[in-house]
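Residues per chain are reported as follows:
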Amino acid sequence: MTLTAPAGVRLAEGMALAESHCTEPRPTEVAAYGDDGLLLRVDVPTRHGAEQPHLVHYRRRPDGTWEPAWTLPWGTQALAVPGGYVCVRRADGRTLVELRPADGGPEQLLLSTRGRAGTLALRPGGGWIAVTTSTFGGPGEHPQGLLAGSDAVWAEGSDMTLSHAKQPQGEWQVHLVPLDGTAPRLLTPDVPADLALTGEAAWATPATLFLGVHRHHRRGTRDFGLLSLAVDGGEATRALFSGTVDLCYPVPGPAGQVAYLGTTRRADNEPVSQIACLVGEELGRPVLLAAENGLWQRPVGWDGPRRLVCTAESGPRRGLYLHDLDHGTWTPVPTRASVMNARIHAGRAAVLTSAPDRPPVLEVTGLHTGTGEHVVSAGTPPLPGRLEYRPQRIPGMDGDVASWVCLPDRGRPLGTVVLYHGGPFKSWSEWSWRWNPWPFVACGFAVVLVEPPLSLGYPDAVRTGWRQWRGGIAAGAAAQVEAVRAREGLLDSPLALMGGSFGGYLALTTADSLNPDLVVTHAAPLDLTQVAEGSDVGWQWIREFGDPTEWRPLYQLNSLAPRAVRPGTRVLLSHGLLDGLVPPTETLRTHRALARQGVRSEVAFFRSEAHPLSRPGNIRAWYRWVLSAAADELAPAATASAEEAGP
């Protein structure tokens, strides 16, 4: 089918914009920031439809501007050390940990492993780093050798996962690596039998290393804490688990304490929340640092011994904040957009920011002056429309929520595309390379980015969504969509509902009341009992909904209704066959059920993908499929006139 103007031209413009997203190098995170500059990780699409990670070094000129100095292909992570950087890269089937001088001179190999690297941690005082690595294993052996000669991976605990069966993982190892290139030392922490290392590590003092651990309970839940390792004292260990919060993502401080992200544990039916925590060398009870207005803050660095730097999301933006520990005050650090990632050094922050209509920009900002220096920006074509943020108050819903509206520059929208984010604890606060609204806007559609209950940045609305996905989140999201459509004069326009993972769940669930012309989902969890039982992160489902057997009625109450989509509706379903979070059989089962009910269901399985659709070649194909379907279903009059015109 050949489409002519306006439908054909707009479809071509949408695909051209999607193509630019699939070919543009993607700034991912500030990997390291030190005296000699910074390293930015950039994932570069290849001509084979995949991505190649790079580490790009930027140095500051005397006039305050920045310039790229050197690039490390296949570099994945880094750590600033005196005189340069410790970098991790893949080469010849191995993971190499190398010391690279700041001037880009020849590297020095520090450690080589066939597995993967977890954490790089500089020991206070310099000279050494701690490196955690995990090796790949072979099939597990039955204790009595009963499965000898087979390729079976055996386990007896409830923490068995399909990902482990597909690629058995060895135990995490901890190496103490000197920066002068001499032989590393393998540490042998005495890990209690009921604990497992997570690969996280942070120094509290030169003699004390904190290692992340988790305890998996037979009932399927997990607790996250830490193991204190006395490096120079016979490697003795002590464990710390809080009775109220899980401790993850350590950020070492300069005064013998480590900041952690604390996630509250489920108590009765209370929803979880997140809070910054401090743990000292003595392993006392973690100090909880509540933020103003109930913001969910996450530690990212330190500005001296008594000022902790955190990110926290509030409405449309994830901001950067200074927490004064002596006075208990929170001070925002000015940024131009939402903070994606930040590294702190010497009173300054290297910050990667973006917005839904602003591709990533890397700047270096003074924490106290607010003055910023531009380093580099991601490049994309001019956007074909405008973006507006719409705060919303929905009757019967606790707290405020919001939606973003993207409107085309030219003419009245041909239809409305609603995008729901995944998570559910996520938001639309930053630029998306994957679920990007602008190719749809280029095709002439209005796009609504919905932030329903459980979205980050709206703590007062969390209670509406916790354990109430259908009656709370989906019902609220449908009301949000109708409110935006009414405000923008779009109630009579054709409608498409789309989303990935949790967003896919919402797309299919809200179809019951919104009656869309098109539904598009990827990797959606729909029968929550089946997902919880088969997911590699089943403990996360138990944290919210409880034991799938004991609480089965609650799981089923929140699952997709049997006939949520009316017959005749077109539905596009997709899934990655390597997905360990949501079993791919969820999509197969749903496709068969919809087809039996008279829904025009199509399904695509991507054989090289896990939970997210991440390979540029696959994303490009997905956009062709979905944009063409949107043109067919949302602009039928324009499509019909194009067909009459002929090729």
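Please read these numbers as outputs of a predicted model, since none were measured by experiment. Numbering of residues starts from 1 in every chain and runs along the sequence as written. At least 70 in pLDDT is required for a residue's local features to be given in this predicted model, at least 80 for side-chain atom pairs to be given and counted, and no such filter applies to totals for whole chains, interfaces and linings, which use all residues. Hydrogens and water molecules were not included; the side-chain quantities draw on all heavy atoms of the structure.

J.: Tell me about the overall build of the protein, and please be specific about residues and values.
T.: Counting its regular elements, the protein contains 12 helices and 36 strands. Since a compact globule built from 647 residues should have a radius of gyration of about 26 Å, the 25 Å found for the protein is in line with a globular shape. Seen through its principal axes, the protein has C-alpha atoms that stretch 80 × 65 × 55 Å. Counting every position in the protein, which comprises 647 residues, the buried fraction comes to 57%. Across the protein, every contact between residues at least 6 apart in sequence was considered, and the portion connecting residues at least 24 apart equals 55%. All accessible areas in this document rest on Shrake-Rupley with a 1.4 Å probe, and a residue is counted as covered only by the protein chains that are shown. Roughly 26500 Å² of accessible area belongs to the protein as shown, and the carbon and sulfur atoms make up 51% of that amount. Comment: elements are numbered from the N terminus, with helices defined as DSSP H or I runs of at least four residues and strands as E runs of at least two. C-alpha atoms define the radius of gyration, and 2.2 Å times the number of residues to the power 0.38 defines the globule rule. The cut-offs for exposure are 20% and 50% of the maximum accessible area for each residue type, with area from a 1.4 Å probe on protein chains only; residues under the lower value are buried, those over the upper are exposed, and the others partly exposed. Only heavy atoms matter for contacts: two residues are in contact if any of them lie within 4.5 Å across the pair.

J.: Can you tell me about unusual backbone geometry, naming the residues and giving the values?
T.: At the junction of Gly423 and Pro424, the peptide bond is cis and its omega measures out at 10° in the coordinates. Within the element layout of this structure, Pro424 appears in the loop between strand 31 (416-420) and helix 3 (438-442). We note that Tyr249 has phi near 55°; this positive angle belongs to a residue other than glycine. Here Tyr249 lies in strand 17 (residues 245-252).

J.: For the pattern of salt bridges, give the residues involved together with the corresponding values.
T.: Every case where a carboxyl oxygen of Asp or Glu lies within 4 Å of a side-chain nitrogen of Lys or Arg is listed as a salt bridge. Tallying each qualifying case throughout the model produces 33 salt bridges. Asp400 is the salt-bridge partner of Arg393, the closest N and O atoms lying 3.1 Å from each other. Arg393 sits in the exposed class, given a relative accessible area of 57%. What makes Asp400 partly exposed here is its relative accessible area of 45%.

J.: Would you mind going over the packing of helix 5 (residues 469-488) against helix 6 (residues 502-514) in detail, with residue names and values included?
T.: It is the contact of helix 5 with helix 6, at a shortest axis distance of 9 Å, that shows an interaxial angle of 70°. The pairing of helix 5 with helix 6 is recorded here as roughly perpendicular in orientation. Packed against helix 5, whose contacting residues are Trp469, Arg470, Ile473, Ala474, Ala477, Ala478, Val481 and Glu482, the element helix 6 presents Phe502, Tyr505, Leu506, Thr509, Thr510, Ser513 and Leu514 at the interface. Partitioning the contact of helix 5 with helix 6 into residue classes produces 10 nonpolar, 3 polar and 2 charged. In this description, a line fitted to the C-alpha atoms serves as the axis of each element, helices being fitted only across the stretch in contact, and the angle between N-to-C directions of two axes falls anywhere from 0 to 180 degrees. Reported orientations rely on four angle classes, namely roughly parallel under 35 degrees, roughly antiparallel over 145, roughly perpendicular from 65 to 115, and oblique for the rest. For this classification, Asp, Glu, Lys and Arg are treated as charged, while Ala, Val, Leu, Ile, Met, Phe, Trp, Tyr, Cys and Pro are nonpolar and the rest, including Gly, are polar.

J.: Can you tell me about the sheet that holds strand 18 (residues 257-264), naming the residues and giving the values?
T.: Strand order in the open sheet formed by 4 strands is 17-18-19-20, and the pairing between neighbours is antiparallel. Taken across any chain shown, the strands that pair with only one partner, and hence form the sheet edges, are strand 17 and strand 20 (287-289). For this sheet, the mean angle separating the axes of adjacent strands, direction not counted, is 35°. Strand direction decides the pairing type here: strand 17 and strand 18, joined by 6 bridges, are antiparallel. Each bridged residue has a counterpart across the sheet, and for Cys248 the counterpart in strand 18 is Leu261. In this analysis, strands are considered paired if DSSP registers two or more bridges between them.

J.: How would you explain the environment of Thr132 if you had to name every residue and give the values?
T.: Positionally, Thr132 belongs in strand 10 (residues 128-136). Taking C-alpha positions, Thr132 is 20 Å from Gly301, a pair spaced 169 residues apart along the chain. At 2.8 Å, the side chain of Thr132 and the backbone nitrogen of Thr119 are in polar contact. Each polar contact in these results corresponds to two N or O atoms within 3.5 Å; when the atoms are within protein, one needs to be able to donate a hydrogen and the other to accept it, and residues that are neighboring in sequence are counted only if both atoms are side-chain atoms.

J.: I'd like a rundown of the sheet that holds strand 5 (residues 75-81), residues and numbers included.
T.: In spatial order, the strands read 5-6-7-8; together these 4 strands make up an open sheet with antiparallel pairing. The two strands at the open ends of the sheet, each matched to only one other strand, are strand 5 and strand 8 (108-113). Here the average twist between neighbouring strands, direction ignored, is 20°. Sheet topology note: the strand 5/strand 6 (residues 84-91) ladder contains 6 bridges and is antiparallel. Its bridge partner being in strand 6, Val81 is matched across the sheet by Gly84.

J.: Requested: an account of the side chain of Glu373, with residues and values cited.
T.: Counting through the fold element by element, Glu373 comes out in strand 28 (residues 372-377). Given a relative accessible area of 15%, Glu373 falls into the buried group. A distance of 2.7 Å separates a polar atom in the side chain of Glu373 from a polar atom in the side chain of Arg60. Residue contacts for Glu373: discarding those within four places in its chain leaves Arg60, Gly64, Trp66, Arg348, Leu362, Glu363 and Val364.

J.: Help me get a handle on helix 10 (residues 585-596), residues and values and all.
T.: By definition here, a helix of n residues has an expected span of 1.5 Å times n minus one. With 12 residues, helix 10 should cover 16 Å at 1.5 Å per step; its first-to-last C-alpha distance of 17 Å lies within 8% of that length. The set of residues buried in helix 10 consists of Glu586, Thr587, Thr590, His591, Ala593 and Leu594. Buried residues along helix 10 sit in contact with helix 6, helix 7 (528-534), strand 35 (570-576) and strand 36 (600-606).

J.: Explain the environment of Val447 to me, using residue names and the numbers behind them.
T.: Its location among the elements puts Val447 in strand 32 (residues 446-451). Separated by 144 residues in the primary sequence, Val447 and Asp303 have C-alpha atoms spaced 40 Å apart. Once residues lying within four places of it in the same chain are set aside, the contact partners of Val447 are Trp404, Val405, Cys406, Val417, Leu419, Pro437, Phe440 and Val441.

J.: Run through the nonpolar core, naming residues and quoting values.
T.: In this structure, Val418, Tyr420, Trp469, Leu497, Trp541 and Val571 are the most contacted members of the largest nonpolar core, which totals 46 residues. Leaving out residues up to four positions away in the same chain, Leu497 has contacts with Val418, Tyr420, Ala507, Thr510, Ala511, Leu514, Pro516, Leu518, Val519 and Val520. Joining through side-chain atoms within 4.5 Å is the link that ties buried Ala, Val, Leu, Ile, Met, Phe, Trp, Tyr and Cys residues into a set, and such a set is a nonpolar core. Ranked by size, the runner-up nonpolar core spans 38 residues in total, among them Ala18, Trp404, Leu419 and Leu572.

J.: Let's hear about the packing of aromatic side chains: which residues, and what values?
T.: Any two aromatic rings considered together are summarised by their centre-to-centre distance and by the angle between their planes. Planes of paired rings set the category: under 30 degrees apart is stacked, over 60 is edge-to-face and the rest tilted, where pairs are Phe, Tyr or Trp rings (Trp by its six-membered ring) whose centres lie within 6.5 Å. Evaluated as defined, the whole model comprises 16 aromatic pairs. Ring centres of Phe440 and Tyr623 lie 6.3 Å apart, and the angle between their planes is 50°; this geometry places the pair in the tilted category. Here Tyr623 lies in helix 11 (residues 616-634) and Phe440 lies in helix 3, a separation of 183 residues in the sequence. With relative accessibility at 1%, the residue Phe440 sits in the buried group. Overall, the relative accessible area of 0% leaves Tyr623 in the buried class. Within the aromatic cluster, the residues linked to one another by ring pairs are Trp469, Phe502, Tyr505, Trp541, Phe545 and Tyr555. Over the ring of Trp435 we find Arg434, and its NZ or CZ is 4.6 Å from the ring centre. Put simply, a charge is over a ring when the Lys NZ or the Arg CZ is close to the ring centre, within 6 Å, and near the line of the ring normal, within 35 degrees.

J.: Explain the state of the cysteines to me, and be specific about the residues and the numbers.
T.: Disulfides are defined as pairs of cysteine sulfur atoms found within 2.5 Å of each other. One pass over the structure, following the stated rule, counts 0 disulfides. Here Cys248 is not disulfide-linked; the sulfur of Cys277 is the nearest cysteine sulfur, at 10 Å. Looking at Cys248, the relative accessible area reads 17%, which means it is buried. Unpaired in terms of disulfides, Cys277 finds its nearest cysteine sulfur in Cys310, a separation of 10 Å.

J.: So what about the confidence of the model for the protein? Which residues, and what values?
T.: Taken over all residues, the pLDDT of the protein has a mean of 92, while the share at 70 or more is 96%. Summary of the metric used: pLDDT quantifies the predictor's per-residue confidence within the range 0 to 100. Note that residues 1-5 has pLDDT below 50 and, in this model, 13 contacts with residues that lie over four places away or in other chains. Throughout residues 638-647 the model reports pLDDT below 50, and contacts reaching past four residues in sequence, or to other chains, amount to 12 contacts.

J.: With reference to specific residues and values, describe the pairing of strand 28.
T.: In this sheet, strand 28 lies alongside strand 27 (residues 358-366) in antiparallel orientation, the contact comprising 5 bridges. When the sheet's bridge partners are listed, Val364 is paired in strand 28 with Glu373. Linking two consecutive strands that pair antiparallel, namely strand 27 and strand 28, is a turn of 5 residues; a positive phi of about 75° is found at Gly370 within it.

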